[in-house]
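# Reading the structure
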Amino acid sequence: MRILHTMLRVGDLEASKRFYCEVLGMKVIREKEYPSGQFTLCFVGFGDEDANTVLELTYNWGTSKYELGNAFGHIALATPNIYDAVERIRAAGGKVTREPGPMKHGTTVIAFVEDPDGYKIELIERS
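Definitions and limits used
All chains use their own residue numbering, which begins from 1 and follows the written sequence. Reporting in this predicted model follows two pLDDT cut-offs: at least 70 for local features of residues, and 80 or more for side-chain atom pairs to be given and counted; totals over whole chains, interfaces and linings ignore these cut-offs and use all residues. Derived side-chain values reflect all non-hydrogen atoms in the structure, with water molecules and hydrogen atoms excluded from consideration. UniProt positions are given in the numbering used here, feature names are shortened, and annotations may be inferred rather than shown by experiment. When DSSP locates at least two bridges between a pair of strands, those strands are taken to pair. By the criteria applied, helices consist of DSSP H or I runs no shorter than four residues and strands consist of E runs no shorter than two, each listed in order from the N terminus. Lines fitted to C-alpha atoms define the axes here, with helix axes fitted over just the stretch in contact, and angles between the N-to-C directions of these axes take values from 0 to 180 degrees. For this analysis, residues touch if any pair of their heavy atoms sits within 4.5 Å. Cavities and pockets were defined on a 1 Å grid built from protein atoms only: a cavity is a group of points that admits a 1.4 Å probe but offers it no way out, a pocket is an open group of points flanked by protein on both sides within 12 Å along at least five of seven lines, and a lining residue is one with an atom within 4 Å of any such point. Grid points are joined across faces, edges and corners, and a volume is the space filled by probe spheres set on the points. In the scheme used here, Gly and all other residues not listed as nonpolar or charged are polar, with Ala, Val, Leu, Ile, Met, Phe, Trp, Tyr, Cys and Pro taken as nonpolar and Asp, Glu, Lys and Arg as charged. Here a salt bridge means any side-chain nitrogen of Lys or Arg lying within 4 Å of a carboxyl oxygen belonging to Asp or Glu. Each residue gets one of three labels from its accessible area relative to the maximum for its type: buried under 20%, exposed over 50%, partly exposed in between, using a 1.4 Å probe on protein chains only.

- As recorded in an unreviewed UniProt entry, the protein goes by the name Lactoylglutathione lyase, listed as coming from Pendulispora brunnea.
- Under Function (unreviewed entry), UniProt gives the following word-for-word description of the protein: "Catalyzes the conversion of hemimercaptal, formed from methylglyoxal and glutathione, to S-lactoylglutathione."
- Per its UniProt entry, the protein bears the Sequence similarities (unreviewed entry) comment "Belongs to the glyoxalase I family."

Laid out in structure tokens, this is it:
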């Protein structure tokens, strides 16, 4: 077994696609509307689904906002140079909520950004 995808409900599919694709550098892998159910599924990621875990962005037509709850934590992405990644994200209009630096009580260098719906994305520096 392996993890295939994580599903996030989004309030503005176009804004979410811009963030994940233009700001974080993912690509749209596939997208399909389901008129009878009034929702759209858009799968984004850094590579094809057969070899990579991806995100499923679910847009329920007519719903523009969700309560994020307090059980969900964050999505983590590895990057070889966290400082450059944060500057690229900031330049592309991304919201940086924690600047790069060592995690509390450790040495791993991390940063946090937020998507248009408020979901947290942790960046972890890995060579």
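### Here we look at the sheet that holds strand 8 (residues 120-125)
- Reading across from one edge, 5-8-7-6 is the order of the four strands in this open sheet, with mixed pairing throughout. Bordering the open sheet on either side are strand 5 (75-79) and strand 6 (95-102), each of which pairs with just one other strand. Between one strand axis and the next, the sheet turns by 20 degrees as a mean value, whatever way the strands run.
- Looking at chain direction, strand 7 (residues 109-114) and strand 8 are connected through five bridges and run antiparallel. In the strand pairing of strand 8, Val 113 is matched with Ile 121.
- Strands in contact with helix 2 (residues 82-91) are strand 5, strand 6, strand 7 and strand 8; relative to strand 6, the strand with the most contacts, it is inclined by about 170 degrees.

### Focus: the UniProt feature "domain: VOC" (unreviewed entry) in the protein
- On the UniProt side, "domain: VOC" (unreviewed entry) is annotated at positions that read residues 2-126 here.
- The straight-line gap between the two end C-alpha atoms of residues 2-126 is 22 Å; of that span, 17% is helix and 42% is strand.

### Some thoughts on the layout of surface pockets
- Of the voids in this model, the largest pocket is the one considered here, and its volume is about 260 Å³.
- Along its surface, the largest pocket is lined by 15 residues, and Thr 53, Leu 55, Ile 75, Ala 76 and Leu 77 are the ones closest to its centre.
- Sorting the residues of the lining of the largest pocket by element identifies strand 3 (39-45), strand 4 (54-60) and strand 5 as the ones contributing at least two each.
- Of the residues forming the lining of the largest pocket, the biggest block, four residues, is contributed by strand 5.
- The residue inventory of the lining of the largest pocket, partitioned by class, reads ten nonpolar, five polar and no charged.
- When its volume is computed, the second largest pocket comes out at roughly 160 Å³.
- Forming the boundary of the second largest pocket are Val 23, Leu 24, Gly 25, Phe 46, Leu 77, Ala 78, Thr 79, Ala 85, Arg 88, Ile 89 and Leu 123.

### Examining the pattern of salt bridges
- All told, the structure shown has eight salt bridges when counted by the stated rule.
- For Glu 49, the salt bridge identified is with Arg 30, shortest N-O distance 2.7 Å. You can see Glu 49 sitting in the loop between strand 3 and strand 4 and its partner Arg 30 sitting in strand 2 (residues 27-34), a full 19 residues away along the chain.
- The class of Glu 49 is partly exposed, set by a relative accessible area of 23%.
- In this structure, Arg 90 and Glu 87 form a salt bridge, with 2.7 Å as the shortest nitrogen-oxygen distance. Highlighted residues: Arg 90 and Glu 87, both in helix 2, separated by three residues, approximately one helical turn.
- Among the residues examined, Arg 90 registers a relative accessible area of 33% and is labelled partly exposed.
- What makes Glu 87 partly exposed here is its relative accessible area of 45%.
- Through salt bridges that share partners, Glu 14, Lys 17 and Glu 31 make up one connected network.

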